Amino acid sequence: MSLLSRPFVADSIARALSALSGLAPPPRRQFADLAVNTTAISVPTRHGDVPCTIYRAPGTTGRTPVYVNVHGGAFIMRYPEQDDPWCRYLATHAGVTVVNVDYGTAPKCRFPVPVEQVYDVLTWAAAAERDWDGERLCVGGQSAGGSLTAAAARLALEEGGPRIALQVLHYAVLDLATPAKDKPVHGKTFLPLWLSEIADTAYLRDPAQRRHRLVSPAWGSNADGIEGIAPALVITAERDRLRSEAATYARKLEEAGSLVEYREVPGVDHGYDILDESAEVTRQMYEFIADHVKRATGTASAERDPAAE
């Protein structure tokens, strides 16, 4: 066991990184021109209230579909603001209400707490009393948020709801059972091995939990028997250390009849959109995802062309 995999060391560094995330610079402003209305709320879950931010495009009327967004951060960094540009883009271009979830992070909140928080927010968002259409519900996440998205979709399958129109797994963590050092590297990648050691140990106190179906759906036989799981859009990056597990899980979803599309973004690395590695690629992929959300929720046919009015 390396020093970084020792629980006390991993927890101490994870706390420091989480504190530093609160001092992070403002998120990139690529879509700062997209004005939206935001509202801060608290959503009740079995683990207490979870802060969320609601995004709506100005002039939005009627019961729009809803998209629950789950930010990344290696399970240890609590910084939902990093997805502000994405939430703005999605609310504006897909005609949905976005719920950006500020779930608990390790070591304070270890598995399965964040998974159950995200699932409980999904259930809350699907309720008929909301002022959006919870029957047209999507969920998506980046990196660690993609892991929590996949887990929440699995719980929705096993618990009989809520019904999810689309799950979006964007460069998601889908196999913590395989050590990061044993995962193939596809060119130069920024994702450091030391961060994986710290994050995995802080999030999962018992190493045996790394094989859990809600933690590593792409590992072994964990994705067997998932017929009926929510339709999935799986996106990974060419240079990402996590690319292979995304491809593996996509094949499992395809066998289950639930893969909508698998897309590998060429020439970029893990977190390419957050790191602003390529503004044009980010715009193209955000448009690609938004189009899938519109098709899944039925808003594509209801769009109006402002230029024609």
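The structure we're discussing is the one just above.
Analysis parameters
- Residues numbered from 1 in each chain as written.
- Predicted model: local features only at pLDDT ≥ 70, side-chain atom pairs only at ≥ 80, totals over all residues.
- Heavy atoms only, no water.
- Helix = DSSP H or I, 4+ residues; strand = E, 2+ residues; numbered from the N terminus.
- Buried < 20%, exposed > 50% of the residue type's maximum accessible area, 1.4 Å probe, protein only.
- Pairing = 2+ DSSP bridges.
- Right-handed = clockwise from strand over helix to strand, strands pointing away.
- Core = buried A, V, L, I, M, F, W, Y, C linked by side-chain atoms within 4.5 Å.
- Contact = heavy atoms within 4.5 Å.
- Phe/Tyr/Trp six-rings, centres within 6.5 Å; stacked < 30°, edge-to-face > 60°.
- Lys NZ or Arg CZ within 6 Å of the ring centre and 35° of its normal.
- Expected span 1.5 Å × (residues − 1).

Further remarks concern the environment of Pro85. Tracing the backbone shows Pro85 in helix H2 (residues 84-94). Residue classification places Pro85 among the buried residues on the basis of a relative accessible area of 1%. For Pro85 and Ile274, which are 189 residues apart along the polypeptide, the C-alpha to C-alpha distance reads 9.1 Å.

Counted residue by residue, strand E4 (residues 97-101) has five buried out of five residues, so it is predominantly covered. Across four bridges, strand E2 (residues 48-56) lies against E4 in antiparallel orientation. Paired with Ile54 across the strands is Val99, a residue of E4. Strand direction decides the pairing type here: strand E3 (residues 66-70) and E4, joined by five bridges, are parallel. The residue of E4 that forms the bridge with Val70 is Val101. The parallel pair E3 and E4, bridged by H2, forms a crossover whose chirality is right-handed.

Let's shift gears to the nonpolar core. Counting residues in each nonpolar core, the largest one holds 63 residues, and the members touching the most others are Val68, Ile76, Val99, Tyr203 and Tyr249. Setting aside anything within four residues of it in sequence, one finds Tyr203 in contact with Phe75, Ala106, Arg110, Phe111, Pro114, Val115, Leu148 and Leu176. With 31 residues, the next largest nonpolar core counts Trp86, Leu166, Met285 and Val293 among its residues.

Here the focus is unusual backbone geometry. The bulk of non-glycine residues show a negative phi, and the bulk of peptide bonds are trans. The amide bond that connects Phe111 to the next residue, Pro112, takes the cis arrangement and shows omega of 5°. Relative to the helices and strands, Pro112 is located in the loop between E4 and helix H3 (113-126). In this model, Gly161 is joined to Pro162 through a cis peptide bond whose omega is 0°. With respect to the element layout, Pro162 can be found in the loop between helix H4 (144-159) and strand E6 (166-170). A positive phi angle, near 60°, is found at Ala74, a position not held by glycine. Inspection of the secondary structure puts Ala74 in the loop between E3 and H2.

With that settled, the discussion passes to the side chain of His71. Mapped onto the elements of the fold, His71 is located in the loop between E3 and H2. Given the relative accessible area of 0%, His71 is considered buried. Each residue touching His71, except ones within four places of it in the same chain, is listed here: Met77, Arg78, Tyr79, Pro80, Gln82, Asp83, Val101, Asp102, Tyr103, Gln142, Ala144 and Gly145.

Here we come to the packing of aromatic side chains. Considering all chains together, one arrives at nine aromatic pairs under this definition. Look at Phe75 and Tyr203: their rings are 4.0 Å apart centre to centre, the planes differ by 10°, and that puts the pair in the stacked class. Within this pair, whereas Phe75 is found in the loop between E3 and H2, its partner Tyr203 is found in helix H5 (residues 193-203), the two being separated by 128 residues in sequence. Taken together, the ring pairs in this structure connect Phe31, Tyr67, Trp86, Tyr89 and Tyr286 into an aromatic cluster. The ring of Phe288 is capped by Arg263, whose NZ or CZ atom sits 4.1 Å from the centre of that ring.

Moving on, we come to H4. Compared with the 22 Å implied by 1.5 Å per residue over 16 residues, the 22 Å span of H4 between its first and last C-alpha is a close match. Within H4, 13 of the 16 residues are buried, which leaves it mostly tucked inside the rest of the structure. Looking at the residues trailing H4, positive phi occurs at Gly160, about 80°.

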